[in-house]
Amino acid sequence: MDLFENIAKQTGEDLITEVLAYILRNPESSFRSEFFTKLGLPTELNYNIVTQVYSEPGHGRPDLGIHGSGYSVLIESKFGAGLQDSQLLNYVDFLRGRKNNLGETLPNEDSLSLILLAPGDRFEELLVQTNIECNAKKGQSFNQYCNRKPTVNFKQIKWQDIVTLLFDKPTEIQMELGEYIMSHLPYKLDNNNAKHLSDASFPAAIQALYHTIKNVRRTPSLNEGEIQLGPMGHSYNWYGFK
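Remember, predicted model here, so these are calculated numbers, not experimental data.

Quick notes on the rules
- Residues numbered from 1 in each chain as written.
- Predicted model: local features only at pLDDT ≥ 70, side-chain atom pairs only at ≥ 80, totals over all residues.
- Heavy atoms only, no water.
- Salt bridge = Lys/Arg side-chain N within 4 Å of Asp/Glu carboxyl O.
- Buried < 20%, exposed > 50% of the residue type's maximum accessible area, 1.4 Å probe, protein only.
- Axes fitted to C-alpha atoms, helices over the stretch in contact; angles between N-to-C directions.
- Helix = DSSP H or I, 4+ residues; strand = E, 2+ residues; numbered from the N terminus.
- Parallel < 35°, antiparallel > 145°, perpendicular 65-115°, else oblique.
- Left-handed = near helix turned anticlockwise from the far one by under 90°.
- Contact = heavy atoms within 4.5 Å.
- Nonpolar A, V, L, I, M, F, W, Y, C, P; charged D, E, K, R; others polar.
- Phe/Tyr/Trp six-rings, centres within 6.5 Å; stacked < 30°, edge-to-face > 60°.
- Lys NZ or Arg CZ within 6 Å of the ring centre and 35° of its normal.
- pLDDT = per-residue confidence, 0-100.
- Disulfide = S-S within 2.5 Å.
- Pairing = 2+ DSSP bridges.

## Description of the pattern of salt bridges
Scanning the entire structure with this criterion turns up two salt bridges. Glu-76 is paired through a salt bridge with Lys-78; the nearest N and O atoms lie 3.4 Å apart. When sorted by exposure, Glu-76 lands in the same class as Lys-78, which is buried. When the shortest N-O distance is used, the salt bridge between Glu-125 and Arg-122 registers 2.7 Å. A relative accessible area of 8% means that Arg-122 is categorised as buried.

Listed below in structure tokens is the structure:
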């Protein structure tokens, strides 16, 4: 499948999904094995991987579908956007009621999984919405609804963890994808960052670094084809490095 045909008009989440699917279709990719292991899938099976999975009208369109012998997975990826009304609930119903090309409901012999890929700090917000919707429509929490027969295994995976996998033994395309994903992740100070910024010595350290860089930029400098030496340059010559 030609990656460039798929991504020609894509941006943001859709572009990330298409490139991720492209990498996962490569049976030689070490990332593929690590990703499937994280999803709880056997790595030795052949999988059909599709993007923008067709579902019932009005039920949304899962970003990624993975199907192999005995396993069916839907993946919904989020960055900044919210979920549509009852989106995850609809995907659970879709997994349970999958149909073949004749419109016949398939027997539920597969291991069914629904994966939510999102920045780590967004899960609480997204699942509060989903639980409210599930309680209103089904009278139980979303996890309880997933545990009804046939069971749908629901997992939350952070985009930050996917980036870590991409950067482990990376190919060029994995590096590009990892950096692109990072550019879409919200930056948030962790406790260590906050501690360093609140340290009384931090402003002084930044000021010292600034003056060091300023001096390095000043020495040496080009002037009409000649190198003019400043204090650092003279020190360089003083110690015999001429």
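## Description of the packing of helix H2 (residues 12–24) against helix H8 (residues 172–184)
Orientation of H2 relative to H8, taken along the N-to-C sense of each, is 155°, at an axis distance of 11 Å. Our classification of the angle between H2 and H8 gives roughly antiparallel. Once H2 is placed against H8, the crossing between them reads as left-handed. Here Gly-12, Leu-15, Ile-16, Val-19, Leu-20, Tyr-22 and Ile-23 of H2 lie close against H8, whose contacting residues are Ile-173, Gln-174, Leu-177, Tyr-180, Ile-181 and His-184. Partitioned by chemical class, the residues of the contact of H2 with H8 number 10 nonpolar, three polar and no charged.

## What to know about the environment of Cys-146
As for its position among the elements, Cys-146 is in helix H6 (residues 142–147). A relative accessible area of 2% means that Cys-146 is categorised as buried. With 33 residues separating them in the primary sequence, Cys-146 and Ser-113 have C-alpha atoms 9.5 Å apart. Once residues within four sequence positions are removed from consideration, Cys-146 is found in contact with Val-92, Arg-96, Thr-151, Val-152 and Phe-154.

## Brief notes about the packing of helix H4 (residues 87–96) against helix H5 (residues 123–138)
The packing of two helices is summarised by the inter-axis angle and the distance between the axes. Interaxial distance between H4 and H5 falls to 8 Å at its minimum, and their mutual angle equals 60°. Between H4 and H5, the angle falls in the class oblique. For the pair H4 and H5, the contacting residues are Gln-87, Leu-88, Leu-89 and Asp-93 in the first and Leu-127, Thr-130, Glu-133, Cys-134, Lys-137 and Lys-138 in the second. Looking at the contact of H4 with H5, its residues break down into four nonpolar, two polar and four charged.

## Some thoughts on the packing of aromatic side chains
Taken as a whole, this structure holds five aromatic pairs when the rule is applied. For the pair Phe-142 and Phe-154, a centre-to-centre distance of 5.0 Å together with 85° between the ring planes defines the contact as edge-to-face. Here Phe-154 lies in strand S5 (residues 152–158) and Phe-142 lies in helix H6, a separation of 12 residues in the sequence. Judged by relative accessible area, which is 1%, Phe-142 ranks as buried. When its relative accessible area of 16% is taken as the criterion, Phe-154 is described as buried. Through pairs of rings, three or more aromatic residues link up here, namely Phe-31, Phe-35, Phe-36 and Tyr-47. A cation over an aromatic ring shows up here: Arg-96 above the ring of Tyr-145, its NZ or CZ 4.8 Å from the ring centre.

## Topic: the confidence of the model for the protein chain
In the predicted model, the protein chain carries a mean pLDDT of 79, and the fraction of residues at 70 or more is 67%. Every residue in residues 232–242 scores below 50 in pLDDT, and together they form eight contacts with partners more than four places removed in sequence or on other chains.

## Focus: the state of the cysteines
Under the definition given, this model contains zero disulfides. Left unpaired, Cys-134 is separated from the closest cysteine sulfur, that of Cys-146, by 7.3 Å. A relative accessible area of 1% places Cys-134 in the buried class.

## Some thoughts on the sheet that holds S5
Sheet architecture is open: five strands sit in the order S1-S2-S3-S4-S5, paired in mixed fashion. Two strands close off the open sheet at either side, each with one partner strand: strand S1 (48–51) and S5. Here the average twist between neighbouring strands, direction ignored, is 15°. Taken together, the five bridges between strand S2 (residues 64–68) and strand S3 (residues 71–77) define a ladder with antiparallel strand orientation. Within S3, the residue paired with Gly-65 across the bridge is Leu-74.

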